[in-house]
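# Remarks on the overall topology
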Amino acid sequence: MYPNILRHPGPTPIPKKVELAMTQDMISHRTVEFVNLYQEVTQNVKAFFGTKQDILLLPSGGTAALEAAVVNTVSPGEEVVVISVGAFGDYFISICERYGLHVHKLAKNWGEACTKEDLIEFLKPLSNIKAVFATYNETSTGILNPIEQLAEVVRNHSDAIFIVDGVSGIGGVPAEMDQWGIDILVTGSQKAMMLPPGLALLAVSERAWKVIEANHSTAYYLNLLSYREWAAKGMTPNTPAISLIKGLSAVCDLVEEEGGISKTVERHEVMKNMVREAMRALSIELLTSDKYASPTVTAIRTPEGLDLTAFLGHLKKKYHLDFAGGLGHLQGEIFRFGHMGYCFPSDILQSVSLMEAGLQDLSYQFEPGAGVKAAQDVFLSSLRK
Ligand code: PLP
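Quick notes on the rules
- Residues numbered from 1 in each chain as written.
- Predicted model: local features only at pLDDT ≥ 70, side-chain atom pairs only at ≥ 80, totals over all residues.
- Heavy atoms only, no water.
- Patch = residues over 30% accessible without salt bridge, like charges linked within 9 Å, V, L, I, M, F, W, Y side chains within 5 Å.
- Areas by Shrake-Rupley, 256 points an atom, 1.4 Å probe, with all protein chains shown as cover.
- Salt bridge = Lys/Arg side-chain N within 4 Å of Asp/Glu carboxyl O.
- Lys, Arg positive; Asp, Glu negative; His and termini not counted.
- Charge placed at Lys NZ, Arg CZ, Asp CG, Glu CD.
- Helix = DSSP H or I, 4+ residues; strand = E, 2+ residues; numbered from the N terminus.
- Buried < 20%, exposed > 50% of the residue type's maximum accessible area, 1.4 Å probe, protein only.
- Near = heavy atom within 4 Å.
- Polar contact = N/O pair within 3.5 Å; in protein donor to acceptor, adjacent residues only side chain to side chain.
- Nonpolar A, V, L, I, M, F, W, Y, C, P; charged D, E, K, R; others polar.
- Phe/Tyr/Trp six-rings, centres within 6.5 Å; stacked < 30°, edge-to-face > 60°.
- pLDDT = per-residue confidence, 0-100.
- Pairing = 2+ DSSP bridges.
- Axes fitted to C-alpha atoms, helices over the stretch in contact; angles between N-to-C directions.
- Contact = heavy atoms within 4.5 Å.
- UniProt positions renumbered as here; feature names shortened; annotations may be inferred.

A contiguous patch of negative charge, built from Glu148, Glu152, Glu176 and Asp178, is present on the exposed surface. Structurally, Glu176 can be placed in the loop between β8 (161-165) and α8 (177-180). A relative accessible area of 33% places Glu176 in the partly exposed class.

Right, here's the structure in full:
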């Protein structure tokens, strides 16, 4: 009976208008009706990426789009740099290794960002790098890498293309792909895009298209050249995720209703600050510094004296509040508070309030109401701006 309060960093809650859009009658993807839908949606979603390039829609999870970015641009034996600041950076390493690339790993401690100085230093001895891969928003740690600065370093210190995993960011974080010089930017539907899983979105710069054309990839289903060829006709090479594309159209409308993507991004910034100030008021440690804190997910250390599994289980069972645990070696040490997509300051107030109730049940010592008040102060001051 009670709704699950899904505060995960993906999948995330779906707006009613999006659900309704997805339940419309099915259409064929080889019709004028579909072409109109495709052209409208791919035009409207460009603002989420900050690009004038075509947005390609893959009927897949984010991983397939990351794999497409790898397999279309580089060939076995070629040298690449992968920046990893957490579990999803490691993911990129695994994909590249699986394809037989010579991977130079720029790994940071989980909870830290990769700075432009780190990357300049790392690139110094390397002269033959074909592509640099980075995660914009590291979902496992709540780090937002300084991607604009990293893009600048890649441009100025190498001839490589810059490929970015924006899966848990796009829709909730600033993105100016063209202006910053990102060559491939990828996202997935189930995070800040307010959709169910199953649709990946990908944009490619002119520079990266030249690399892709010269690469002669053997990829078939993930062949980006065929996606480009069909996109020119307002279609996809194979059957697309039609319902999700209808949902995406509604997502674009909702964002427009909010005042455009910059307003949506501002809301995420407010929610980030609400969560961070609430945790501080409860004397609960955050994994990351404010400087590189993600606007879409916050990694929070286990409240002192509590067993994390018991705490999260209690919140879920008694209050239907569903936080995500840690990944990899951070399992048991942190939990993740997702605040992306169809999530609002009122949801943060609700979640912090329920979290406080759970903390009281488990005899954690704090001043009741302190977290809610801190979050509310951030929210109210954002309204006065
Ligand atoms: N990259 C990041 C940053 C993610 O957060 C995820 C999923 O959580 C992925 C890639 C993989 O996406 P998918 O699970 O849709 O394949």
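Don't stop here, the text continues.
Here the focus is the site of the ligand. In the vicinity of the ligand, 14 residues are found, and the nearest of them are Gly62, Thr63, Thr139, Asp165 and Lys191. Here a nitrogen atom of the ligand and a side-chain polar atom of Asp165 are 2.6 Å apart. Take Gln190: an N or O atom from its side chain is 2.8 Å from an oxygen atom of the ligand. Burial of the ligand by the surrounding chains reaches 85%, relative to a free accessible area of 390 Å². Elements that contribute at least two residues to the shell around the ligand include exactly α4 (62-73) and α5 (87-98). Counting residues per element, the shell around the ligand draws most heavily on α4, at three residues. Per-class residue counts for the shell around the ligand are four nonpolar, eight polar and two charged.

Counted under the stated rule, the structure contains nine aromatic pairs. Ring geometry for Phe92 against Phe133: centres 4.9 Å apart, planes inclined by 55°, an arrangement best described as tilted. Here the residue Phe92 occupies a position in helix α5, and Phe133 occupies one in strand β5 (residues 129-135), the gap between them amounting to 41 residues. A single burial state applies to Phe92 and to Phe133, both of which are buried. Measuring from ring centre to ring centre gives 5.2 Å for Phe323 and Phe335, while their planes differ by 40°; the resulting arrangement is tilted. Linking Phe323 in strand β12 (residues 321-325) with Phe335 in strand β13 (residues 334-338), this pair joins segments that are twelve residues apart in sequence. The burial state of Phe323 is the same as that of Phe335; both residues are buried.

Once that is clear, we can look at the side chain of Glu356. Structurally, the position occupied by Glu356 is in helix α14 (residues 345-361). Here Glu356 is buried and forms no salt bridge, its nearest opposite-charge partner Lys373 lying at an N-O distance of 11 Å.

Counted by the stated rule, this structure contains 21 salt bridges. Its salt-bridge partner being Arg267, residue Glu258 comes within 2.6 Å of it at the nearest N-O pair. Here Glu285 and Arg301 are joined by a salt bridge, their closest N and O atoms 3.6 Å apart. Here Glu285, found in the loop between α12 (261-281) and β11 (297-301), pairs with Arg301, found in strand β11; they are 16 residues apart in sequence, far enough to count as distant. With relative accessibility at 54%, the residue Glu285 sits in the exposed group. Several salt bridges share partner residues, and in doing so they unite Arg276, Glu277, Arg280 and Asp290 into one network.

What follows deals with the side chain of Asn137. Of note, Asn137 is situated in strand β6 (residues 137-138). Its relative accessible area of 2% is what places Asn137 among the buried residues. At 2.8 Å, the side chain of Asn137 forms a polar contact with the side chain of Ser168. Among the polar contacts listed, one links the side chain of Asn137 to the side chain of Thr296, at a separation of 3.0 Å.

This part is about the confidence of the model for the chain. Low-confidence regions, as indicated by low pLDDT, have predicted coordinates that should not be scrutinised in detail. Model confidence for the chain is summarised by a mean pLDDT of 98, while 100% of its residues fall at 70 or above. Interface scoring of the predicted complex returns ipTM 0.99; its pTM is 0.98.

Moving on, we come to the sheet that holds strand β2 (residues 55-58). Within the open sheet, the seven strands sit side by side as β2-β10-β9-β8-β5-β3-β4. Their pairing is mixed. Here the strands that pair on one side only, and so sit at the sheet edges, are β2 and β4 (102-107). Geometrically, the sheet is characterised by an average inter-axis angle of 20° between neighbouring strands, direction not taken into account. Inspection of the sheet shows strand β3 (residues 79-84) paired to β4 by six bridges, in the parallel sense. Its bridge partner lying in β4, Glu79 is registered against His102. Lying over the sheet, helix α7 (residues 147-157) contacts β3, β5 and β8, oriented at roughly 160° with respect to β8.

Mapped onto the present numbering, the UniProt feature "domain: Aminotransferase class V" (unreviewed entry) falls at residues 24-300. Helix makes up 43% of residues 24-300 and strand 17%. Its end C-alpha atoms lie 40 Å apart.

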